[in-house]
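Examination of the molecular architecture
If you want the building blocks of each chain, they are given just below.
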Protein chains: 2
Amino acid sequence: MIKQVPKLYGFQLSKFKCESKIPTFELLHKLGIVSYPRSGLANWTTMGLLIQDKVSSIIRHCLDHCGYEELRLSLLSHKSLWEKTGRWDQQEIFKLKNDDFLLVPTAEEEITEYAKRNLDSYKQLPFKFYQINQKFRDEKRPRGGLLRGKEFLMKDAYSFDIDEAHALKNYSSVVDAYHQIFRKIGVPYVKAKADSGEMGGDMSHEWHFLNENGEDTVFTCNSCGHISNSEVTTAFPIKEAESNKLAEGDDDVAVGYFMNRDKSTLICAYYPASRTLEPRFVQQEVPDLDLSHCKPEKEILEEFSTNTGDELSKRVVRIMDARLTSRSNFPDFPVNFINRSMITTLTDIPIVLAKEGEICGECEKGHLVQSNAIEVGHTFYLDEKYSKPLDLKVVVPVNEGTLETKNVKMGCYGIGISRVIAAVAEINRDSHGLRWPASIAPWQVTVISNEESRFVKELASLLSETDYRWDDRDVSIGKKIMQSNMMGIPLVVILGKNYPRVEIEVRGERKNGYYDSLTRLQKQKQKEDDFYWETQYLDGKDVKHFVDKEHLPFVVKNLLDYL
Amino acid sequence: MIKQVPKLYGFQLSKFKCESKIPTFELLHKLGIVSYPRSGLANWTTMGLLIQDKVSSIIRHCLDHCGYEELRLSLLSHKSLWEKTGRWDQQEIFKLKNDDFLLVPTAEEEITEYAKRNLDSYKQLPFKFYQINQKFRDEKRPRGGLLRGKEFLMKDAYSFDIDEAHALKNYSSVVDAYHQIFRKIGVPYVKAKADSGEMGGDMSHEWHFLNENGEDTVFTCNSCGHISNSEVTTAFPIKEAESNKLAEGDDDVAVGYFMNRDKSTLICAYYPASRTLEPRFVQQEVPDLDLSHCKPEKEILEEFSTNTGDELSKRVVRIMDARLTSRSNFPDFPVNFINRSMITTLTDIPIVLAKEGEICGECEKGHLVQSNAIEVGHTFYLDEKYSKPLDLKVVVPVNEGTLETKNVKMGCYGIGISRVIAAVAEINRDSHGLRWPASIAPWQVTVISNEESRFVKELASLLSETDYRWDDRDVSIGKKIMQSNMMGIPLVVILGKNYPRVEIEVRGERKNGYYDSLTRLQKQKQKEDDFYWETQYLDGKDVKHFVDKEHLPFVVKNLLDYL
């Protein structure tokens, strides 16, 4: 059976001219991959679904291999669980009109409940599940088409382990699987240390595609290679000698005031007024710092002053950002605090958000390089954040027959599939249109012929193992080639007058070493009898290959492998 | 690679004993195919997804072949379109809290809008689309687990044609595809004439599995074979001689009053008081009968009496149900209507719902047989019901270059996939558990061995083309067999002490002619050298087959084909 292009392929394209100024989300629409019935919503066409399926297959393959089992939870979830975890009144949740159900934004609550119902003995652990389905977020300012929508396709995986050691091992096996997944997708990516935010837990990484249009910012150290999200990147100032210019105007000092949980300690964080204080960096120095209530400075100071507790146990901790120097203009101390022996001062602590060029807080050697990025995945170690409020426990033998009831340790791992598609489209496009990596292209080869269709039949059986589509529309060859390239299909095979000699046009991105490997293979093959394979180059890049039909499957396969 | 049973397979089964009194929806849960986080909602496990995928593949195969193209529309839909079609205030719609969006119960509105955005010329028609995704209905009394839920998996297809002739041809091609789909699923089904109800349009069929626990009722004529939903089945009374007994108590006559649209005609429908009047049957005789407003009898009569229109143009139509006789006790005529020449009387019209045993309204020969049924699909010819309010038009050349702007003619076609699964489970189960048709079983063969795993490896490569799973759990052989049967897997292959001779146990339902075909094949094979194949029968049914490993793939394939 000959596989044809989808019926709506190219419908909108007859008068469409691609230009680099057309935003990618609009291009995805023009090319008929998705349409947006409403801001933040998407309808996926056959072509879009083909891409979705490719990405999903890669993810399934790697997670199945990692021992994760697929399931699919309901898209509706009752408030009962969300009230227990304190997430029912989160921002951006879609609730149904009766106020009892929400549309799932993510599934920690439901999967924990699911695990609970299935867990009889610690021997069953680990549980490892994933699902690929829609998620919903009442995004007030949806933008970028698929990049930030009200509804999106997501893979979410969850792990349940008996203790932290097992859970962290599991975490690292998912990290390995993520590396595999992103390598297979074939677009350069980074794994960045990240903040756990809403999700809870105390270890997390973001998975990014680097791209100038990305909304996230990551810092990479040019020495140790450590990568982290800007929210969690600590840095030291550039040495005096280098920094004369940078330090200008940094002499004014601002102060952030905090208290610890029992309100006995006032924490004063001093930092350059021109920079942004990151309270969590301060918390790293004073672990019992209370970040749960954001209060105005005045209230904090008043509360500390009027605190009726033991006056003698009151303490003050002063934390000085690493960028402050003796030249800095410190403000006066705002409260009357006589007990000078109870004032501790910590200096040289990085407590503001890092800036390009500063010294890496990890290795304290290299300089930070700032990049924009598109977040496409996130891995979290959740610890007991959900198992505790939802009461997911196991009885575990500890030693010599003693039993202990423990909360299960969880992890959760997301990949935004619709986001991956939008991001890859954004990153790989050019002024001629999209350019899909061979691994996730809707199809890999467009077959074009204005010759008799019996040639196509012959070719179809030769290409049976290939992911090709025959463009059988009543359109000129030139237009078909242009539209296939615009759609981002890696290869076009053209059956022309010289049949059985056929032409292959290359659209895809070339990997490093592509030409070396390809030329080596080509030379080797050309030595064989009757193996015709010539290449035409433009700007040093291969654009056309000419081969005889019987060698087409071999050459196509190799072009795709090396692309 | 050896394919193993899913990790949660059999988890809940260690102490579970199947009995026929356990309701099927509970059995599906106990067996770990779905779980119900909340009444009307379902979580699908790996096993459930395997079944879903089998059903979806069958549907995809048949619809792709029929020229339908898959897409996936957003699950959220904005009220703007639904207000135009008058469906925003339908019952059982899930609306989001902001009152602007609903969760799609079905997608006529969105697909019409989608078609509109893609339609440039009549030459593009027909458009044929389908999607497989979740649908939502705020079911107040969800029941039967998957049978009637708040969220369900559904295939919905839509067709757009240039005129009625093309649309009806399209309708009939979908009917053919539906026959293929249900034949492949392999459970006896019927196609019944049905009412279009809410959906609109004027031709529709329901697709049912016949089952005593079904909530629908269909009538089949034992002569012409016509099948229809009880709501649309017309019938004539059994002849006097036969009906003496039946007619008893039917002498009292009830009347239903209606008016036509311009309120000039009063329609009085006389029928046996013991039966149920079906106003649409009356409407078939008086097409301009107004069914849009249900008013109490008194109001209708008063309105007709006091109608200030031309008194001379007032008319009365009296319709007598076919079951009434001269013996019937007619009530007095309720209004003062002197103009006797304007009274028309139609007799012998079937206007009440049919009953088992009555004469078929189609052929007027056979008797009606009543069955309970589970509706699993519906096909509708929609005509312009949605294209008109949503303004989906094409400009069509009519004759000699004249152009005409016409509304596109639509059809829509649903199959409830989660319902099919629940219904097949219900119909095919017995006291030992479920029993899936080979076509939609989660897998077709469970491989069981307590011998060395190298035997399993050997067997796995022999069975590579077979949809098998190895049950590698630490459970006794007897339990594994019982659980595989309970799960409804068609075959169990047991590697025991006599390996390389293996045993096959049969669980599946046998089709007509199974034993003839199988015995013929078996005899033919037994003549071949070294083809060992013996069968053990119980109650005249094959339960066990014994073959040598090298013939296992052949025998397994044939057992499955004939099952």
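Below is a summary of the structure that appears in this document. (Residues numbered from 1 in each chain as written. Chains lettered and ligands numbered in written order. Predicted model: local features only at pLDDT ≥ 70, side-chain atom pairs only at ≥ 80, totals over all residues. Heavy atoms only, no water.)

1. A look at the relation of the copies chain A and chain B
Mapping chain A onto chain B calls for a rotation angle of 180° and an axial translation of 0.1 Å; the resulting RMSD is 0.1 Å. These values place the two chain copies in the arrangement generated by a two-fold rotation axis. Comparing interface residues between copies, 100% of those in chain A also sit at the interface in chain B, which points to an isologous, same-surface contact. (Least-squares fit on C-alpha atoms with pLDDT ≥ 70 in both. Contact = heavy atoms within 4.5 Å.)

2. Describing the packing of helix α2 (residues 46-65) of chain B against helix α9 (residues 417-428) of chain B
Residue and element names in this part refer to chain B. Remark: α2 packs on α9, axes separated minimally by 10 Å, with the N-to-C direction vectors making an angle of 115°. For α2 against α9, the interelement crossing comes out right-handed. Between α2 and α9, the contacting residues are Ile51, Gln52, Val55, Ser56 and Ile59 on the first element and Ile417, Val420 and Ile421 on the second. Grouping the amino acids of the contact of α2 with α9 by side-chain chemistry returns 6 nonpolar, 2 polar and no charged. (Axes fitted to C-alpha atoms, helices over the stretch in contact; angles between N-to-C directions. Helix = DSSP H or I, 4+ residues; strand = E, 2+ residues; numbered from the N terminus. Left-handed = near helix turned anticlockwise from the far one by under 90°. Nonpolar A, V, L, I, M, F, W, Y, C, P; charged D, E, K, R; others polar.)

3. Regarding the pairing of strand β21 (residues 403-407) of chain A
Residues and elements named next belong to chain A. In this sheet, β21 lies alongside strand β20 (residues 393-397) in antiparallel orientation, the contact comprising 5 bridges. When the bridges of β21 are listed, Val395 appears paired with Thr405. The loop that links β20 with its antiparallel partner β21 comprises 5 residues; one of these, Glu400, has a positive phi angle of about 45°. (Pairing = 2+ DSSP bridges.)

4. Let's talk about the environment of Arg435 of chain A
All names here are of chain A. Along the polypeptide, Arg435 turns up in the loop between α9 (417-428) and β23 (445-449). The class of Arg435 is buried, set by a relative accessible area of 16%. Taking the C-alpha atoms as reference points, Arg435 and Val232, 203 residues apart in sequence, are found 33 Å from one another. What Arg435 contacts, discounting residues up to four positions off in sequence, is Asn428, Arg429, Asp430, Gly488, Arg507, Gly508 and Glu509. (Buried < 20%, exposed > 50% of the residue type's maximum accessible area, 1.4 Å probe, protein only.)

5. Observations concerning the sheet that holds strand β4 (residues 76-78) of chain A
Residue and element names in this part refer to chain A. The 3 strands lie next to each other as β4-β6-β5, forming an open sheet whose pairing is antiparallel. The sheet is open, and its two edges are formed by β4 and β5 (94-95), each paired on a single side. Relative to strand β6 (residues 101-103), β4 runs antiparallel, the two sharing 3 bridges. Within β6, the residue paired with Leu76 across the bridge is Leu103.

6. Overview of the interface of chain A and chain B
In many reports, interface size means the accessible area that the parts give up when they come together. Contacts between the two partners involve 47 residues from chain A and, on the opposite side, 47 residues from chain B. Both faces considered, chain A and chain B share a buried interface measuring about 4,500 Å² in area, 53% of it formed by carbon and sulfur atoms. Per-residue buried area on chain A facing chain B is highest for Glu69, Arg72 and Lys97 of chain A; these three make up 13% of the total on that side. At the junction of chain A and chain B, the tally comes to 0 salt bridges. For the pair chain A and chain B, the number of links is 26 residue pairs in polar contact (both at pLDDT 80 or more). (Buried area = accessible area lost by both parts, 1.4 Å probe. Salt bridge = Lys/Arg side-chain N within 4 Å of Asp/Glu carboxyl O. Polar contact = N/O pair within 3.5 Å; in protein donor to acceptor, adjacent residues only side chain to side chain.)

7. Some details on helix α12 (residues 514-526) of chain B
Residues and elements named next belong to chain B. With 13 residues, α12 ought to run about 18 Å at 1.5 Å a step, and its terminal C-alpha atoms sit 18 Å apart, in line with that. Considered for burial, the residues of α12 that qualify are Tyr514, Ser517, Leu518, Leu521, Gln522 and Lys525. For α12, the angular spread of buried residues about the axis comes to 130°, placing them on one side. For α12, the exposed residues set more than 90 degrees away from the buried face come down to Asp516, Arg520 and Lys523. (Expected span 1.5 Å × (residues − 1). Arc of directions from axis to C-beta.)

8. Things to note about the pattern of salt bridges
All names here are of chain A. Enumeration according to the criterion identifies 70 salt bridges over all chains in this entry. Across the salt bridge formed by Lys79 and Asp100, the nearest N and O atoms sit 3.5 Å from each other. You can see Lys79 sitting in helix α3 (residues 79-84) and its partner Asp100 sitting in the loop between β5 and β6, a full 21 residues away along the chain. For Lys79, a relative accessible area of 22% gives the class partly exposed.

9. Here's the deal with the packing of aromatic side chains
Residues and elements named next belong to chain A. Here the structure, examined in full by the defined rule, presents 40 aromatic pairs over all chains. On the numbers, 6.1 Å between centres and 70° between planes, the contact of Tyr178 with Phe182 is edge-to-face. One end of the pair is Tyr178 and the other is Phe182, both in helix α5 (residues 164-185) and 4 residues apart, which spans about a single turn. Residue Tyr178 is classed as buried on the basis of its relative accessible area of 0%. On the basis of relative accessible area, Phe182 is assigned to the buried category, the value being 1%. An aromatic cluster is built from Tyr178, Phe182, Tyr189, Trp207 and Phe209, whose rings are joined through pairwise contacts. (Phe/Tyr/Trp six-rings, centres within 6.5 Å; stacked < 30°, edge-to-face > 60°.)

10. With respect to the sheet that holds strand β28 (residues 541-548) of chain A
Within a sheet, adjacent strands bond to each other through the backbone by hydrogen bonds, running parallel or antiparallel. Residues and elements named next belong to chain A. An order of β24-β23-β25-β26-β28-β27 is seen for the 6 strands of this open sheet, with the pairing classed as mixed. Only two strands of the sheet have a single partner each, and these edge strands are β24 (468-470) and β27 (533-538). Looking at each pair of strands side by side, their axes are set apart by 25° on average, direction ignored. Note that β23 and strand β25 (residues 491-495) share 5 bridges and pair parallel. Residue pairing in the sheet places Val445 in a bridge with Leu491 of β25. The strands touched by helix α11 (residues 477-487) are β23, β25 and β26 (501-506); relative to β25, the strand with the most contacts, the crossing angle is about 165°. Helix α12 (residues 514-526) rests against β26, β27 and β28 of the sheet, and its axis sits at about 150° to β27.

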